[in-house]
Amino acid sequence: MADLPTHIIAVDTLQRFVAEIFGKAGTSGEEAARIAHHLIGANLTGHDSHGVIRVPRYVQNLQDGDVVANQQVEIVTEGPTHAVIDGHMGFGQTVGPQAVDFGIAKAKQAGMCIIALRNSGHIGRIGDWGERAAEQGLVSLHFVNVYQGQLVAPFGGVDRRFSTNPVCIAIPMEDGAPPLLLDFATSVVAEGKVLVASNGGKALPADALIGPDGTISDDPATLYGPLTPGGPRSAGNGPGSIRAFGDHKGSGIAFMCEILAGVLTGGGTSGPVDPDRTRRRIANGMFSIYLDPHRFGSSNFVAEAREYANYVKASRLAHGVDEVLVPGEPESRARAERLANGVPLQVDTWNSIVATARGLGVSAPN
Ligand code: NAD
């Protein structure tokens, strides 16, 4: 399947449209603008899987009561260098930054801080939170899971046992420069990438999915069941799983995300799934570590990290490769390009957002 990004929309127009949708769906204007900003931010960095493609699902989640508008986090317990925070199923774009800012403030005071966030609505692109800490000069590490969010088979298995469990490590750079930013799902692909592929977008790698009989596949129907154009997608309808990346190594990191973000936060692991559960809601757990680099070994951390990144980039190139990139470079380049030229969306994705908007009495921009 070829890439089919056929609808290009300016960032400002998309921001206004998506914010209006959430406002009509029941969030405050401030929250609506924040959700739109973060979803579009994912599109800008090239991660369409976590961008506005999620609008119909987020609105449905709100209408179903699976996520709560205008929520304030609860600090369950805290000390000078840690806190357990409950998001009470607020939008991840609201309770996420509240939890991250709490961790940033403590790390600036004490030199480090660990935040165990539980019961957050879908917290989106984790790189957002690493970037937020890096803007404040902090190093951060984030391990994420989804309570009852089974999608991924462990190495050697075919049954769903993990969620796609992203990991993010962010390193601040000099003033205004984008951070070094590692941010990926521990599955071969994030679920959103299966969603994008099922809507005619970028095809999946050949080894992305596995059927219940162990057959390796790149067909989104393995995860969603039979596909109707533009129709709702539910992973509950498909028989198969996404595969963990990197054999036993990726599978092992996904496993530890469940322990850190699910067990240690108290938010719960991806399974076993409650058999009485009727809907699939996303409750993210996020275990985050914030570090002030000034309190650690190097007196010139940012400059030395930059120097090392340049050294890595100066490697001789493998055949057919134009450039060695360091983590975060693809995202900052995509952001510059899309801010200038607009966000490309697959037609099915755009149509599904417009249908959601119409249902709320919001007209689509021309
Ligand atoms: P991906 O496979 O595109 O990997 C992205 C990472 O790899 C980035 O750090 C990027 O800078 C780096 N990278 C990419 N190409 C590179 C290259 N050529 N050289 C060097 N580095 C390179 O990401 P993904 O696994 O598809 O994840 C997409 C997004 O989904 C992430 O932002 C993640 O946080 C998010 N996600 C969220 C959840 C959730 O529950 N909230 C779950 C899964 C994934």
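Residues numbered from 1 in each chain as written. Predicted model: local features only at pLDDT ≥ 70, side-chain atom pairs only at ≥ 80, totals over all residues. Heavy atoms only, no water.

Section: the domain arrangement of the chain
Defined as follows: The domain boundaries here were taken from an automatic or database domain assignment. Contacts are residue-level and defined by heavy atoms, with any inter-residue pair within 4.5 Å sufficient. By convention, the term buried area covers the 1.4 Å-probe accessible surface removed from two parts as they join, with the contributions of both added.
Looking at the chain, the domain boundaries give domain 1 (5-64 + 330-359) and domain 2 (74-187 + 244-295). Just the C-alpha atoms count here: the centres of domain 1 and domain 2 sit 22 Å apart. The interface of domain 1 with domain 2 comprises 18 residues on the first partner and 13 residues on the second. In this assembly, domain 1 packs against domain 2 so that about 1,500 Å² is buried in total across both faces, 55% of it on carbon and sulfur atoms.

Quick look at helix α5 (residues 127-135)
Condition: Burial classes: relative accessible area under 20% of the type maximum marks a residue as buried, over 50% as exposed, and values in between as partly exposed (1.4 Å probe, protein chains only). Per the convention used, a helix needs a DSSP run of H or I reaching at least four residues, while a strand needs a run of E reaching at least two, with both numbered from the N terminus.
α5 sits mainly inside the fold: seven of its nine residues count as buried. Among all positions in α5, only Gly127, Asp128, Trp129, Gly130, Glu131, Ala133 and Ala134 are buried. Once α5 finishes, Gly137 follows within two positions and takes phi at roughly 85°, a positive value.

Focus on the site of the ligand
Note the threshold: Any residue with a non-hydrogen atom lying within 4 Å of a molecule or strand is treated as near it. Under this definition, polar contacts are N or O atom pairs within 3.5 Å; protein pairs additionally need one hydrogen-donor-capable and one acceptor-capable atom, and for neighbouring residues in sequence, both atoms have to be side-chain atoms. The protein chains shown are the only cover counted for residues, whose accessible areas, like all others here, come from Shrake-Rupley with a 1.4 Å probe. Only Asp, Glu, Lys and Arg are considered charged, only Ala, Val, Leu, Ile, Met, Phe, Trp, Tyr, Cys and Pro nonpolar, and every remaining residue, Gly among them, polar.
Residues in contact with the ligand amount to 23 residues; listed here are only the nearest, Asp183, Ala185, Lys193, Gly328 and Glu331. In the model, a nitrogen atom of the ligand is placed 3.4 Å from a nitrogen or oxygen of the His122 side chain. Measuring from an oxygen atom of the ligand, one finds a backbone N or O atom of Ala185 at 2.8 Å. Protein contacts shield 78% of the accessible area of the ligand, which totals 870 Å² for the unbound molecule. Contributions of two or more residues to the shell around the ligand are made by β8 (180-184) and α10 (329-341). Looking at the shell around the ligand element by element, the count peaks at four residues for β8. Residues of the shell around the ligand, tallied by class, amount to 12 nonpolar, seven polar and four charged. The two domains that each donate at least three residues to the shell around the ligand are domain 1 (5-64 + 330-359) and domain 2 (74-187 + 244-295).

Description of the pattern of salt bridges
The following threshold applies: The salt bridge criterion pairs a side-chain nitrogen of Lys or Arg with a carboxyl oxygen of Asp or Glu, the two atoms within 4 Å.
This structure, assessed with the given rule, holds 16 salt bridges. Ionic pairing is found between Arg57 and Glu191, a salt bridge with its closest N-O pair at 3.1 Å. Of this pair, Arg57 sits in helix α3 (residues 55-64) while Glu191 sits in helix α6 (residues 191-198); the two residues are 134 residues apart in sequence, bridging distant segments of the chain. Judged by its relative accessible area of 5%, Glu191 is buried. Where Glu174 meets Arg306, a salt bridge forms, and the shortest distance between an N and an O atom there is 2.9 Å. One end of the pair, Glu174, is in the loop between β7 (167-171) and β8; the other, Arg306, is in helix α9 (residues 301-313), with 132 residues separating them in the sequence. The network of salt bridges with shared partners includes Arg125, Asp128, Glu131 and Arg335.

Quick look at unusual backbone geometry
A cis geometry characterises the amide bond from Gly271 onward to Pro272, with omega recorded as 0°. Notably, His88 is not glycine yet its phi reads approximately 45°, a positive angle. With respect to the helices, strands and loops of the structure, His88 is situated in strand β3 (residues 82-90).

Quick notes on the side chain of Thr186
Tracing the backbone shows Thr186 in the loop between β8 and α6. Contact partners of Thr186, with chain neighbours within four places excluded, come to Thr164, Asn165, Pro166, Val167, Ala244, Phe245, Gly250, Ile253 and Ala254.

What about a nonpolar patch on the surface?
Operational definition: Each patch is built from residues that are more than 30% exposed by relative accessible area and take part in no salt bridge. Like charges join if they lie within 9 Å; nonpolar side chains (Val, Leu, Ile, Met, Phe, Trp, Tyr) join within 5 Å.
On the surface, a nonpolar cluster with roughly 370 Å² of combined accessible area is contributed by Phe255, Met256, Ile259 and Val263. For Ile259, a relative accessible area of 36% gives the class partly exposed.

Side note on helix α11 (residues 347-359)
Inclusion rule: Expected helix span is given by 1.5 Å per residue-to-residue step, counting one fewer step than there are residues.
If you check α11, its first and last C-alpha atoms are 18 Å apart, about what 13 residues at 1.5 Å a residue would give, namely 18 Å. Among the residues of α11, Thr349, Trp350, Ser352, Ile353, Val354, Thr356 and Ala357 are the ones counted as buried. Buried-residue contacts for α11 involve β1 (7-9), α1 (11-25), α3 and β13 (343-345). Just beyond α11, the residue with positive phi is Gly361, at close to 80°.

Brief notes about empty space enclosed by the protein
Rules: Only protein atoms enter the 1 Å grid used here. Points where a 1.4 Å probe fits but cannot escape make up a cavity, open sets with protein on both sides within 12 Å along at least five of seven lines make up a pocket, and a residue lines them when an atom lies within 4 Å of a point. Grid points are joined across faces, edges and corners, and a volume is the space filled by probe spheres set on the points.
For the structure on display, the rule yields three cavities of 30 Å³ or more. Surrounding the largest cavity, Tyr58, Asn61, Asp66, Val67, Met89, Phe91, Gly92, Gly121, His122, Arg281 and Ile282 form its lining. Among the residues forming the lining of the largest cavity, the class breakdown is five nonpolar, four polar and two charged.

Comments concerning the sheet that holds strand β11 (residues 241-243)
To keep it simple, the criterion reads: For two strands to count as paired, DSSP must find a minimum of two bridges between them.
Here four strands make up an open sheet; going across it, the order is β6-β11-β9-β10 and the pairing mixed. The sheet is open, and its two borders are formed by β6 (152-153) and β10 (216-217), each paired with just one other strand. Inspection of the sheet shows strand β9 (residues 209-210) paired to β10 by two bridges, in the antiparallel sense. By the bridge assignment for β10, Leu209 is matched with Ser217.

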